[in-house]
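Topology and contacts: notes
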Amino acid sequence: MKSIQETLQVIAYQMRTLRINHHMTQKQMGKVLNVSAQTVSAYENGAIRPDIEVIMKYANYFNVDVTNIISISSAEHTSEVFPTQSEVQMFMAYRRRPAWMKKVIRELCFNGTEYRTAEEETEYASMLNEHEDKYHKE
């Protein structure tokens, strides 16, 4: 049997997943719930425990059964894939980057360097160098 803390992590994960899968920002979700984006973030990161009314609003808005959000059995499948706080921060930073930078990041993360030609390596290096002064401080 899962602990209360593990179940709360599953609820937070399910709430975040529903929102992201429906391409909603925390600000947009806050309007649905009549709370701030910071409160939505706190629900989704487990800093604030959502009450049953909030969980039901999520379920109703996304047209899912409330048991999908609070399912204890889901903990077994999701507890090992929770992103760390730094992974969440990296993802949010990625989303704010321009398209050219996202392309470079995707190539570096998912395609590796061993399958690229020398010309592709030069192209990516050039793209990064062109914009280095804009993003050097980050």
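Above this text you will find the structure in question.
Residues numbered from 1 in each chain as written. Predicted model: local features only at pLDDT ≥ 70, side-chain atom pairs only at ≥ 80, totals over all residues. Heavy atoms only, no water.

Now for the packing of aromatic side chains. Applying the stated criterion to the full structure yields two aromatic pairs. Residues Tyr-58 and Phe-62 carry aromatic rings whose centres are separated by 6.1 Å and whose planes lie at 45° to one another, so their mutual orientation is tilted. An identical accessibility class is assigned to Tyr-58 and Phe-62; each is buried. Considering the side-chain rings of Tyr-61 and Phe-62, the 5.0 Å spacing of their centres and the 90° angle between planes classify their relative orientation as edge-to-face. (Phe/Tyr/Trp six-rings, centres within 6.5 Å; stacked < 30°, edge-to-face > 60°. Buried < 20%, exposed > 50% of the residue type's maximum accessible area, 1.4 Å probe, protein only.)

Okay, the packing of helix H2 (residues 26–33) against helix H3 (residues 37–45) next. For the pair H2 and H3, interaxial distance at closest approach is 7 Å and the crossing angle is 100°. In terms of their interaxial angle, H2 and H3 are classed as roughly perpendicular. Seen from H2, the contacting residues are Gln-26, Lys-27, Met-29, Gly-30 and Leu-33; seen from H3, they are Ala-37, Val-40, Ser-41, Tyr-43 and Glu-44. Among the residues making up the contact of H2 with H3, the classes are represented as five nonpolar, three polar and two charged. (Axes fitted to C-alpha atoms, helices over the stretch in contact; angles between N-to-C directions. Helix = DSSP H or I, 4+ residues; strand = E, 2+ residues; numbered from the N terminus. Parallel < 35°, antiparallel > 145°, perpendicular 65-115°, else oblique. Contact = heavy atoms within 4.5 Å. Nonpolar A, V, L, I, M, F, W, Y, C, P; charged D, E, K, R; others polar.)

Our next topic: helix H4 (residues 52–61). Turning to H4, its buried residues number three or more, namely Val-54, Ile-55, Tyr-58 and Ala-59. End-on, the buried residues of H4 take up no more than an arc of 140°, which puts them together on one face. In H4, those exposed residues whose orientation departs by more than 90 degrees from the buried face are Ile-52, Glu-53 and Asn-60. Structurally, H4 contributes buried residues whose contacts are with helix H1 (4–21), H2, H3 and helix H5 (66–70). (Arc of directions from axis to C-beta.)

All right, on to H1 then. Helix length check: H1, at 18 residues, gives a terminal C-alpha distance of 25 Å against a target of 26 Å (1.5 Å per residue), a fit within 8%. Residues of H1 that are buried include every one of Thr-7, Leu-8, Val-10, Ile-11, Ala-12, Tyr-13, Gln-14, Met-15, Arg-16, Leu-18 and Arg-19, and no others. (Expected span 1.5 Å × (residues − 1).)

Next up on the list: the environment of Ala-59. Note on placement: Ala-59 falls in helix H4. The exposure class of Ala-59 is buried, given its relative accessible area of 3%. For the pair Ala-59 and Met-15, spaced 44 residues apart in sequence, the C-alpha separation works out to 8.8 Å. Excluding residues that lie within four positions of it along the chain, Ala-59 makes contacts with Val-64, Asp-65, Val-66 and Ile-69.

This paragraph deals with the pattern of salt bridges. When their charged atoms lie close together, side chains carrying opposite charge are able to pair. Per the counting criterion, the structure on display carries two salt bridges. Here Arg-19 ties to Glu-44 by a salt bridge, and the two come within 2.7 Å at their closest N and O atoms. In this pair, Arg-19 sits in helix H1 while Glu-44 sits in helix H3, placing the two residues 25 residues apart along the sequence. Take Arg-19 and Glu-44: they sit in the same class, and that class is buried. Note that Lys-57 and Glu-53 form a salt bridge whose closest N and O atoms lie 3.7 Å from each other. Here the residue Lys-57 and the residue Glu-53 both occupy positions in helix H4, the gap between them amounting to four residues, near one helical turn. Residue Lys-57 is classed as partly exposed on the basis of its relative accessible area of 31%. (Salt bridge = Lys/Arg side-chain N within 4 Å of Asp/Glu carboxyl O.)

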